[in-house]
2 protein chains.
Amino acid sequence: MNIFRLFVKPKTATTARDRLQVLLAHERASVGGNDLVTILRDEILAVISKHVKVDDNKVYVKLERGLQVSTLEVDVQIPFDRTTRRAA
Amino acid sequence: MNIFRLFVKPKTATTARDRLQVLLAHERASVGGNDLVTILRDEILAVISKHVKVDDNKVYVKLERGLQVSTLEVDVQIPFDRTTRRAA
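Residues numbered from 1 in each chain as written. Chains lettered and ligands numbered in written order. Predicted model: local features only at pLDDT ≥ 70, side-chain atom pairs only at ≥ 80, totals over all residues. Heavy atoms only, no water.

Engineer: Would you mind showing me how to read the overall build of chain A here?
Structural biologist: Across its full length, chain A holds 1 helix and 3 strands. Walking chain A from its N terminus toward its C terminus, one meets helices and strands in the order β-α-β-β. Sorting the 88 residues of chain A into buried and exposed places 38% on the buried side. By sequence separation, contacts in chain A at least 24 residues apart represent 67% of the contacts at least 6 residues apart. When the accessible surface of chain A is summed, it comes to about 4,600 Å², and 54% of that surface belongs to carbon and sulfur atoms. (Helix = DSSP H or I, 4+ residues; strand = E, 2+ residues; numbered from the N terminus. Buried < 20%, exposed > 50% of the residue type's maximum accessible area, 1.4 Å probe, protein only. Contact = heavy atoms within 4.5 Å. Areas by Shrake-Rupley, 256 points an atom, 1.4 Å probe, with all protein chains shown as cover.)

Here it is as structure tokens:
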């Protein structure tokens with residue numbers, strides 16, 4: 001998984017967009033055990049949408065579960081005027 | 001900032017530890033504007049500590065604020081038996 005590509009996507013969108021990316025990785029000392037990434041996913045998405053008005057089709061979420069490492073990638077494109085609800 | 005190093009730290013800890021890493025990056029279309037990373041930081045840390053009993057000295061938080069990109073790195077080492085509060 002090339003993490004750097006997260007930060008270098010070419011600016012294709014015509015309208016200026018802010019971009020918020022979240023990467024979560026849980027490395028377990030032993031196989032099995034609780035999968036924090038799955039547990040935290042919904043609550044972290046809830047925190048984000050509390051502060052940013054997000055279009056569902058502009059949110060990319062990818063969860064990968066391995067034996068010892070699970071990762072969550074969230075990539076949100078935010079229309080320019082809606083960075084934070086309070087500011088809008 | 002070499003993001004890959006986040007995932008390849010050598011296993012030095014004697015006691016088995018799970019590891020949770022969070023990387024947040026806010027790329028702003030224009031200079032200035034709200035800094036989502038600072039706004040989201042405390043709430044994301046609160047979500048994590050709700051599910052994981054964390055020792056303060058095992059939490060590494062780094063916030064970097066640039067003109068157009070701000071990043072937040074959180075690296076939490078979790079003692080083996082305390083992956084989630086409910087399971088403990």
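Engineer: Got a minute to help me understand the sheet that holds strand E3 (residues 69-79) of chain A in this structure?
Structural biologist: Pairing between sheet strands relies on hydrogen bonds along the backbone, with the strands arranged either parallel or antiparallel. Across the sheet, 6 strands lie side by side as E2(A)-E3(A)-E1(A)-E1(B)-E3(B)-E2(B); this open sheet has antiparallel pairing. This sheet does not close on itself; its edge strands, each paired only once, are strand E2 (59-65) of chain A together with strand E2 (59-65) of chain B. Taking each pair of neighbouring strands and ignoring which way they run, the sheet shows an average axis angle of 5°. Here 9 bridges tie strand E1 (residues 17-27) of chain A to strand E1 (residues 17-27) of chain B, and the two strands are oriented antiparallel to one another. Counted as the bridge partner of Ala25(A) is Gln21(B) from E1(B). Each of E1, E2 and E3 of chain A together with E1 and strand E3 (69-79) of chain B touches helix H1 (residues 36-51) of chain A; the most contacted strand, E1(A), lies at about 160° to it. Set on the sheet, helix H1 (residues 36-51) of chain B makes contact with E1 and E3 of chain A together with E1, E2 and E3 of chain B; between it and E1(B) the angle comes to about 160°. (Pairing = 2+ DSSP bridges. Axes fitted to C-alpha atoms, helices over the stretch in contact; angles between N-to-C directions.)

Engineer: How should the confidence of the model for chain A be read in this particular structure?
Structural biologist: Low-pLDDT stretches of the model should not have their predicted coordinates read in fine detail. Residues and elements named next belong to chain A. Of all residues in chain A, 70% attain a pLDDT of 70 or more, and the chain-wide mean is 77. The spread of mean pLDDT over the elements of chain A runs between H1, the lowest at 89, and E1, the highest at 91. In the predicted structure, residues 1-6 sits below a pLDDT of 50 and forms 18 contacts with residues beyond four places in sequence or in another chain. Within the model, the stretch residues 83-88 combines pLDDT values under 50 with 21 contacts to residues more than four positions away or in other chains. (pLDDT = per-residue confidence, 0-100.)

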